[in-house]
Amino acid sequence: MNLAHELHDLVRTLDKWAERILKPEGLTYNRYVALVIVSEHPGVTGRILADALGVSEAALSGIVRTLLDAGLVENRANTGDGHIRRLAITADGSTTLTRCSALLGSSLDDNARAIGLDPSKLAGDIHALHDEVRTTRTHTS
């Protein structure tokens, strides 16, 4: 077994699962994650949000436009900010986020427990591995 392959395959499986659950709510997984980030960081700019999602600013523009049109986020940019958007979640967005988070639930934690793994420890191990990969990649780039 190859760790990189297994993690990649797990992430793809989880992304597809989340897409199926969120589709009836009118969200993609990227839109959902954007809502999470905007709710945690009111006033976040498009550039920072694009980086956080790992998408181009052009791709983010479509995500943000959909969220704005649905009334889930709003642009709180000040006059004179130019084309910079400062995004904040709306009351409807917060309600949608809460509902979708409940739909996604903690089933992965339940899956981990079902095979004898401690979800908190596993999350900590994955976080540490992620930090190591980022540090190693940064120093070798």
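Look up: the structure comes first, before these words.
What comes next concerns the included structure.

The rules behind these values
Residues numbered from 1 in each chain as written. Predicted model: local features only at pLDDT ≥ 70, side-chain atom pairs only at ≥ 80, totals over all residues. Heavy atoms only, no water. Helix = DSSP H or I, 4+ residues; strand = E, 2+ residues; numbered from the N terminus. Contact = heavy atoms within 4.5 Å. Areas by Shrake-Rupley, 256 points an atom, 1.4 Å probe, with all protein chains shown as cover. Lys, Arg positive; Asp, Glu negative; His and termini not counted. Charge placed at Lys NZ, Arg CZ, Asp CG, Glu CD. Core = buried A, V, L, I, M, F, W, Y, C linked by side-chain atoms within 4.5 Å. Buried < 20%, exposed > 50% of the residue type's maximum accessible area, 1.4 Å probe, protein only. Pairing = 2+ DSSP bridges. Axes fitted to C-alpha atoms, helices over the stretch in contact; angles between N-to-C directions.

Quick look at the overall build of the protein chain now. Of regular secondary structure, the protein chain possesses seven helices and three strands. Beginning at the N terminus, the succession of helices and strands in the protein chain can be written as α-α-β-α-α-β-β-α-α-α. Taken along its principal axes, the extent of the C-alpha atoms in the protein chain is 55 × 40 × 20 Å. Considering only intrachain contacts with a sequence separation of at least 6, the fraction spanning at least 24 residues in the protein chain is 47%. Just so you have it, the protein chain exposes about 9,500 Å², and 55% of that area is on carbon and sulfur atoms. Of the charged side chains in the protein chain, 15 are positive and 18 negative, and the gap between their average positions amounts to 5 Å.

A separate point is the nonpolar core. Residues Leu 27, Leu 35, Leu 49 and Leu 67 are the most contacted members of the largest nonpolar core, which totals 23 residues. At the level of secondary structure, the elements contributing two or more residues to this core comprise α1 (3–22), α2 (29–40), α3 (46–53), α4 (57–69), β3 (86–89) and α5 (91–104).

Our focus in this paragraph is the sheet that holds strand β2 (residues 73–75). The three strands are arranged β1-β3-β2 in an open sheet whose pairing can be described as antiparallel. With one partner strand each, in any of the chains shown, β1 (44–45) and β2 form the two edges of the open sheet. Bridging between β2 and β3 involves three bridges; their strand directions are antiparallel. Following the sheet pairing, Asn 75 is matched in β3 by Leu 87. Against the sheet, α4 touches β2 and β3, its axis set at about 105 degrees to β2.

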